[in-house]
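Structural features, examined
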Amino acid sequence: MRLHGFRVLATGALLLLGLIVARADDQGTSPRIQEEIWALPLPLPMFAYLVRPLGDGPFPLVIMNHGVSLNPRDRSFFPLVEFRHAAMWFARRGYLVVAPVGTGYGAAAIDIPERGLYGPFFSKIGKCANPNFLGPGLAVAQVDLWIIDYMAAEKRTLPEGIIVVGQSAGGWAAIALSSLNPPQVKAIITFAAGRGGRVDGKPNNNCNPDRLVEATGAFGYTSRVPMLWLYIENDTFFGPALSKRMYEAFIRAGGRAEYHLLPPFGDEGYFLIGSPDSIPIWSPLVERFLDKAR
């Protein structure tokens, strides 16, 4: 019954997206693409935005991980589609893109503390005096593995050659995934990856940055998946000094990553991937990286 209700909600969300789907198809792009909303019956069920070329496939798979809000109210208003233009960029190059909406977000957010109701949310890092950066990253990495298995079982995607993309905490989860070296994943791309940025809403005020660097190195010890790390000069969540330290720790530990610090973008570079105007900035780097990863 619970899963049936989940599917009904997804159907309603798909109807709400109908105008978006039609507009995408009418643009005359080549190849034409189709946008959908899926209810993924994973061990932790969740919604996902999906965009793909027209046709039955199977297509190469891209998974896009979104960031984190520690505020339950903010999570309840989380958008169903966060990186739509970036996802469509991949779809127009032949990929099927799945962008899951994490448990405890959007339509799946049920946090009502005054009534003792809490949705499943596994991204808290704890107190900055002793943060747990590793566990939440690995938890979302496990979701990515569930999605990989589910989409392959549905025969909508190819079983190998998968790309994982993530922003902020979603990028951190992608780094965590790289430490597991799933054989199906050929490349990982991160935008402003990290955890614990802007504590108390203050720019460049990070939660125990030394521990974050240490955790990045810990993932690097076992990570061997080719990675592309993109950071932005005017990112006030994970600034240049911190991101370079993270990269150096990762490489020193044995990880494989290509690091780029992009010029300032808008008022806050952290949000780069969410803007369609940023595509000409990052897409050439991504194309070159993916060509090398073949």
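One structure accompanies this document, and this report is about it.

What counts, and at which threshold
- Residues numbered from 1 in each chain as written.
- Predicted model: local features only at pLDDT ≥ 70, side-chain atom pairs only at ≥ 80, totals over all residues.
- Heavy atoms only, no water.
- Helix = DSSP H or I, 4+ residues; strand = E, 2+ residues; numbered from the N terminus.
- Buried < 20%, exposed > 50% of the residue type's maximum accessible area, 1.4 Å probe, protein only.
- Contact = heavy atoms within 4.5 Å.
- Areas by Shrake-Rupley, 256 points an atom, 1.4 Å probe, with all protein chains shown as cover.
- Axes fitted to C-alpha atoms, helices over the stretch in contact; angles between N-to-C directions.
- Nonpolar A, V, L, I, M, F, W, Y, C, P; charged D, E, K, R; others polar.
- Phe/Tyr/Trp six-rings, centres within 6.5 Å; stacked < 30°, edge-to-face > 60°.
- Lys NZ or Arg CZ within 6 Å of the ring centre and 35° of its normal.
- Expected span 1.5 Å × (residues − 1).
- Pairing = 2+ DSSP bridges.
- Right-handed = clockwise from strand over helix to strand, strands pointing away.

**Quick look at the overall build of the protein**
A tally of helices and strands in the protein yields nine helices and eight strands. Here the protein, with 294 residues, has 52% of them falling under the buried criterion. Of the contacts formed within the protein by residues at least 6 apart in sequence, a portion of 75% connects residues at least 24 apart. When the accessible surface of the protein is split by element, carbon and sulfur atoms take 56% of a total near 13300 Å².

**Quick notes on the packing of helix H6 (residues 169–180) against helix H7 (residues 209–220)**
A pair of packed helices is characterised by two quantities: the angle between their axes and the separation of those axes. Here H6 crosses H7 at 35°, and the two axes come no closer than 8 Å. Between H6 and H7, the residues in contact are Trp172, Ile175, Ala176 and Ser179 and Leu212, Ala215, Thr216 and Phe219, respectively. Taken together, the residues of the contact of H6 with H7 break down into six nonpolar, two polar and no charged.

**Here's the deal with the environment of methionine 46**
Relative to the helices and strands, methionine 46 is located in strand E2 (residues 46–53). Assessed through its relative accessible area of 2%, methionine 46 is described here as buried.

**So, the packing of aromatic side chains**
Tallied over the full model, the rule gives 14 aromatic pairs. On the numbers, 6.0 Å between centres and 75° between planes, the contact of phenylalanine 90 with tyrosine 95 is edge-to-face. Summarising the burial analysis for this pair, phenylalanine 90 and tyrosine 95 share the class buried. Relative to phenylalanine 271, the ring of tyrosine 270 lies with its centre 5.0 Å away and its plane at 80°, an arrangement referred to as edge-to-face. On the basis of relative accessible area, tyrosine 270 is assigned to the buried category, the value being 8%. Here a set of aromatic residues connected by ring pairs shows up, and it is made of Trp89, Phe90, Tyr95, Phe191 and Trp282. Here the basic side chain of arginine 198 rests over the ring of phenylalanine 237, its NZ or CZ set 5.3 Å away from the ring centre.

**Points about H7**
The end-to-end C-alpha distance of H7, which contains twelve residues, comes to 17 Å, matching closely the 16 Å that a straight helix rising 1.5 Å per residue would cover. Inspection of H7 places Leu212, Val213, Ala215, Thr216, Gly217, Phe219 and Gly220 among the buried residues, and these make up the whole buried set. Those residues of H7 hidden inside the fold are in contact with helix H5 (134–153), H6, strand E7 (227–232) and helix H8 (240–252).

**Let's talk about H8**
For H8, which comprises 13 residues, the first-to-last C-alpha distance of 18 Å matches the rise-based estimate of 18 Å (1.5 Å per residue) to within 8%. Its buried side turned inward, H8 meets H6, H7, E7 and strand E8 (257–262). Positioned one or two residues after H8, glycine 254 has a phi angle of 120°, which is positive.

**So, the pairing of strand E5 (residues 162–167)**
In terms of burial, E5 is a largely internal element, six of the six residues being buried. Direction of pairing for E5 relative to strand E6 (residues 185–191): parallel, over a ladder of six bridges. Each residue of the ladder has a partner; that of glutamine 167, found in E6, is phenylalanine 191. One crossover worth recording links E5 to the parallel E6 by way of H6, and it is right-handed.

**Some remarks on the sheet that holds E6**
An order of E1-E2-E4-E3-E5-E6-E7-E8 is seen for the eight strands of this open sheet, with the pairing classed as mixed. Here the strands that pair on one side only, and so sit at the sheet edges, are strand E1 (33–40) and E8. The sheet shows a mean angle of 15° between the axes of neighbouring strands, direction not considered. Here E7 runs beside E8; their pairing, made up of six bridges, is parallel. If you follow isoleucine 232 over to E8, its bridge partner there is leucine 262. Here helix H9 (residues 279–293) sits on the sheet and contacts E5, E6, E7 and E8; the angle it forms with E6, its principal contact strand, is near 160°.

**So, the pairing of E6**
Burial runs high along E6: six of the seven residues are buried. In terms of strand pairing, E6 meets E7 through four bridges, oriented parallel. The partner of isoleucine 189 across the bridge, within E7, is leucine 228. Between the parallel pair E6 and E7, the chain is carried across by H7, and the sense of this crossover is right-handed.

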